[in-house]
Structure formats: structure tokens, C-alpha cells
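Analysis of the macromolecular model
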Amino acid sequence: MRRYTSILMLGARGVVMPLIVVLLLMGAAEAGLVFWELTSGWSLEWFWQESHVVWAYRAALVLLAVTCCIHVSGLGGSRVYYTMHRLRLSEWTVTVLLGLCYAAAFVVLWAVQVGILTAVTAYNAARAGAVPQAMFLLS
């Protein structure tokens, strides 16, 4: 069991700090875009259809994917292959375990994006005097 935990921890160490940096960059970019677009007189419906906020999320997806590729390839100084051979695990097992770790990072990125967009919708719905059900329907 310690062999599998070692691979999971190796994957977590390689993705947690870059994920935090990507989340901070994405949050700052989206906050700036939301502030800029909604203060220039956009309605919420127009904001959802024509907004450029989605580009910040797409850039965050690409950055996280590049980070995961760099980590698993060993270019960033990680020693995935050394650990894999030292623990005598098959490549298939390592691939599945690291895939689970990286998939969890993408789920966290997606959840933060959903939270940001829900918060923007809730703020604008409250500013317009809408009820909570309207905020849910707008989201």
C-alpha cells in the first residue's frame, strides 16, 4: 500500500503548487474581466453570451495541462521514473495513479470556475433585486 501512496504523493507534490498559482491567476484575470465588462453597462444575459471571461478559464486549463505534462515527463526536476523503478511498479499502475491525481486537479479547477461564475451571478442578481431561485436559473 505504501508504494501506491508514494506515487500519489509524488503526483500531488507536482501539481498542488502549480494548481494554486493557476487558480490565483485565473481568479485575478476573471475578476478583472468581470469588473471591466459589467461596469461598462453590460446586462447579465449579454455578459454570459458575449463575455471574454471564458478565455481566462481556457488559459488556466492549458496552463494546468502543461504543468502536468512537464511534471510527469521529468523536465521540471521530478523523478517520476526513478520512483517508479525504485518501487517496482508497472507503468500502467503509475499512469493510472498519476492520472487520478491530475484528474483531481482538473476537478478542483472546474469547481473553482463554477464557484466564480455562481458568485458573479449571485452578486448581479442581488444587485438587481432578484430572488434566489432566479439566481439559480440564471446560472
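Cut-offs applied
Residues numbered from 1 in each chain as written. Predicted model: local features only at pLDDT ≥ 70, side-chain atom pairs only at ≥ 80, totals over all residues. Heavy atoms only, no water. Patch = residues over 30% accessible without salt bridge, like charges linked within 9 Å, V, L, I, M, F, W, Y side chains within 5 Å. Areas by Shrake-Rupley, 256 points an atom, 1.4 Å probe, with all protein chains shown as cover. Salt bridge = Lys/Arg side-chain N within 4 Å of Asp/Glu carboxyl O. Helix = DSSP H or I, 4+ residues; strand = E, 2+ residues; numbered from the N terminus. Buried < 20%, exposed > 50% of the residue type's maximum accessible area, 1.4 Å probe, protein only. Core = buried A, V, L, I, M, F, W, Y, C linked by side-chain atoms within 4.5 Å. Contact = heavy atoms within 4.5 Å.

This paragraph deals with a nonpolar patch on the surface. Residues V16, M17, I20 and L24 make up a contiguous nonpolar surface patch of roughly 390 Å² in combined accessible area. Relative to the assigned elements, L24 resides in helix α1 (residues 2-39). The class for L24 is exposed, based on a relative accessible area of 60%.

Moving on, we come to the nonpolar core. The tendency in soluble globular proteins is for nonpolar side chains to be buried side by side. Membership of the largest hydrophobic core comes to 19 residues, with the highest contact counts inside it found for I7, V15, L19, M26, L64 and L109. Mapped onto this core, the elements with two or more residues apiece are α1, α3 (53-73) and α5 (91-128). Element by element, the count of residues in this core is highest for α5, at 7 residues.

Note that V108 resides in helix α5. Look at V108 and you get partly exposed, because its relative accessible area is 37%. Taking the C-alpha atoms as reference, V108 lies 9.1 Å from L23; in sequence the two are 85 residues apart. When near neighbours in sequence (up to four residues on either side) are disregarded, V108 contacts L19 and L23.

Function-wise, these values are silent; they only describe arrangement.
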